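Observations on chain architecture
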Amino acid sequence: MAVAIIYDDIFLEHDTGAYHPENADRLRSIIRYLEPLRDELTWITPEPASYDQLCSVHTPAHIASVEHASMNLRAIDADTQTSEHSYEAALKAAGAGVSAIDAIMSGQASTAFAAVRPPGHHATKYQAMGFCLFNSIAIAARYAQSKGFEKVLIVDFDVHHGNGTQDIFYDDETVFYFSSHQYPAYPGSGSAQETGIGDGEGYTRNFPLTPGSGDEVLLPIYEEALPETLREFQPDIILVSAGYDLHHSDPLAQLNATTEGIGDIVSAIMESSPVPKLFFLEGGYDLDALGQSVAKTIQVMREYDKE
Ligand SMILES: [Zn+2]
């Protein structure tokens, strides 16, 4: 079976303005680096997320505020801009996980990579922030559960803590959130003491890392701690917030991973369990490091796919 790439040109139309690091050139670079593999991959155009799918995670007021901001070409905050087509792009980014899970269930793909923007892991139930409008991976988690994947593991290797994803599932024992990130850094959350609340106590695991940590510190998290979490939690599907701003070339952070190291992280995730896996693009702001790292990710996914 092939690896599916979920992509739509509408993602290029989410215009964040001049000099914004989260811009359409990011996806153009990824597509350019995937060009040599184009015919080996299954390309899927996503459907927009339905209103009910958005409501499985977000409040109606939040959904209306994103639509309103986009219609009025307004910034939501200093970091988070919208333009005419942002709402449509965000709906399709949120729908990418739905389309990927459908492709996995129909046997069209074994693993998928959603090459989407805007990113999602900072968006909370109530609020867009940190370049993110809707929390696409959270919407995918709820959709997966509606299709019988009861226990969902979300692994987040973006250099920033996915505060939105953590918050959404903080009291929920059916979705485990596992994250490594630079700390302290934007958005400020993600200490090791944040482990969940109520029924969700013990179902959040954070690995805050000091700047400059690099591959030697990152790899044991994925090669040792992740398998330990998998043995205990036994997920039915793994969703990955794949942010490439952990790369040493990234202009927004200093975690200093190499492209090879990122490949090893992806390899550890692929090897961790035979359940379906779905990756979502989150951050990554050095265009070449991003393109190379995504190509490396897809290459590793394909190696496991052949086995
Ligand atoms: Zn990030």
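Residues numbered from 1 in each chain as written. Predicted model: local features only at pLDDT ≥ 70, side-chain atom pairs only at ≥ 80, totals over all residues.

**Observations concerning the overall build of the protein**
The condition is simple: A helix here means a DSSP run of H or I that spans at least four residues, while a strand means a run of E at least two residues long, and both kinds are numbered starting from the N terminus. Our radius of gyration is a C-alpha quantity, and the globule rule it is checked against amounts to 2.2 Å times the number of residues to the power 0.38. Partly exposed residues are those falling between the two cut-offs: more than 12 but fewer than 20 other C-beta atoms within 10 Å of their own, whereas 20 or more means buried and 12 or fewer means exposed, with C-beta atoms placed from the backbone.
A count of helical and extended segments in the protein gives 9 helices and 8 strands. Taking 307 residues into account, the globule formula puts the C-alpha radius of gyration at 19 Å, and the protein, at 17 Å, falls close to it. Here the C-alpha coordinates of the protein stretch approximately 50 × 50 × 40 Å along the principal axes. In the protein, buried positions account for 56% of the 307 residues.

**A short note on the pairing of strand β4 (residues 152–156)**
For the record, the criterion: Two strands pair if DSSP finds at least two bridges between them. A clockwise path from the first strand over the helix to the second, with the strands pointing away from the viewer, defines a right-handed crossover.
Of all 5 residues in β4, 5 are buried, a share of seventy percent or more. With burial as the criterion, each face of β4 is covered, one bearing Val-152, Ile-154 and Asp-156 and the other bearing Leu-153 and Val-155. Summarising the sheet, β4 and strand β5 (residues 175–182) pair through 5 bridges and their orientation is parallel. Considered in β5, the bridge of Leu-153 is made with Phe-176. A crossover connection joins β4 to the parallel β5 through helix α6 (residues 163–168); in handedness this β-α-β unit is right-handed. Relative to strand β7 (residues 237–242), β4 runs parallel, the two being bridged by 5 bridges. Following the sheet pairing, Val-155 is matched in β7 by Val-240.

**Observations concerning the sheet that holds β4**
Our working rule: To get an axis, a line is fitted to the C-alpha atoms, and for a helix only the part in contact is used. The angle between two axes follows their N-to-C directions and goes from 0 to 180 degrees.
Ordered by their spatial adjacency, 8 strands build an open sheet running β2-β1-β3-β8-β7-β4-β5-β6, and the pairing between neighbours is parallel. Looking at the sheet topology across the chains shown, the edges are occupied by β2 (42–44) and β6 (204–209). If you compare each strand with its neighbour and ignore which way they point, the axes differ by 15 degrees on average. Relative to β6, β5 runs parallel, the two being bridged by 6 bridges.

**As for helix α9 (residues 287–306)**
For the record, the criterion: Here the expected span of a helix is defined as 1.5 Å times the quantity of residues minus one. For every residue pair, C-beta atoms are placed from the backbone, and the pair is scored as a contact if these atoms sit within 7 Å.
Given a rise of 1.5 Å per residue, 20 residues ought to cover 28 Å, and the 29 Å separating the end C-alpha atoms of α9 matches this to within 8%. Residues of α9 that are buried sit in contact with β1 (2–6), α1 (25–34), β3 (109–114), β7, α8 (259–271) and β8 (277–281).

**A closer look at α1**
To be explicit about the condition: This arc is built from the directions going out from the helix axis to the C-beta atoms.
Turning to α1, its buried residues are Arg-26, Leu-27, Ser-29, Ile-30 and Leu-34. Down the axis of α1, the buried side of the element spans an arc of 155 degrees, and every buried residue falls inside it.

**Observations regarding the environment of Ser-249**
Position of Ser-249 among the secondary structure elements: in the loop between β7 and α8. Taking the C-beta count within 10 Å as the criterion, Ser-249 has 19 such neighbours and is therefore assigned partly exposed. Separated by 35 residues in the primary sequence, Ser-249 and Gly-284 place their C-alpha atoms 9.5 Å from one another. Here Ser-249 is in contact with Asp-286 and Ala-289, once residues within four sequence places are set aside.

**Notes on unusual backbone geometry**
For the bond from Arg-117 to Pro-118, the omega torsion is 0 degrees, close enough to zero to count as cis. For Pro-118, the location among the structural elements is in the loop between β3 and α5 (136–146). Omega for the peptide link from Tyr-183 to Pro-184 comes to -5 degrees, which places this bond in the cis form. Secondary-structure assignment places Pro-184 in the loop between β5 and β6. Of note in the backbone geometry, Asn-256 takes a positive phi value of approximately 65 degrees without being a glycine. Mapped onto the fold, Asn-256 is located in the loop between β7 and α8. Residue classification places Asn-256 among the buried residues on the basis of 22 C-beta atoms within 10 Å.

**Details of the environment of Ser-189**
Tracing the sequence through the fold places Ser-189 in the loop between β5 and β6. Sequence separation between Ser-189 and Gln-166 is 23 residues, and the spatial gap between their C-alpha atoms is 9.4 Å. The contacts of Ser-189, once residues within four sequence positions are left out, are His-161, Asn-163, Gln-166 and Glu-194.

**Thoughts on the packing of α8 against α9**
The criterion, for reference: By the definition used in this description, the sense in which the near helix is turned from the far one sets the handedness, with an anticlockwise turn below a right angle giving left-handed and a clockwise turn giving right-handed. Side-chain classes follow a simple rule in which Ala, Val, Leu, Ile, Met, Phe, Trp, Tyr, Cys and Pro form the nonpolar group, Asp, Glu, Lys and Arg form the charged group, and the remainder, Gly included, forms the polar group.
Where α8 meets α9, the axes come as close as 9 Å, and the angle between the chain directions of the two elements is 35 degrees. For the element pair α8 and α9, the recorded crossing hand is right-handed. The residues of α9 that touch α8, namely those facing Thr-259, Ile-262, Gly-263, Val-266, Ser-267 and Met-270, are Gln-292, Ser-293, Lys-296, Thr-297, Val-300, Met-301 and Tyr-304. Of the residues that constitute the contact of α8 with α9, the class distribution is 6 nonpolar, 6 polar and 1 charged.

**Description of the packing of helix α7 (residues 214–233) against α8**
Two numbers describe a pair of packed helices, the interaxial angle and the distance between the axes. Note the following rule: Angles below 35 degrees are treated as roughly parallel, those above 145 as roughly antiparallel, those between 65 and 115 as roughly perpendicular, and all remaining angles as oblique.
Direction vectors running N to C along α7 and α8 enclose 5 degrees, while the axes themselves pass 9 Å from each other. By the angle between their axes, α7 is roughly parallel relative to α8. On α8, the residues that touch Asp-215, Leu-218, Leu-219, Tyr-222, Glu-223 and Leu-226 of α7 are Gly-261, Asp-264, Ile-265, Ala-268 and Ile-269. Of the residues belonging to the contact of α7 with α8, the class tally is 7 nonpolar, 1 polar and 3 charged.

Any link to function would need more than the numbers given here.
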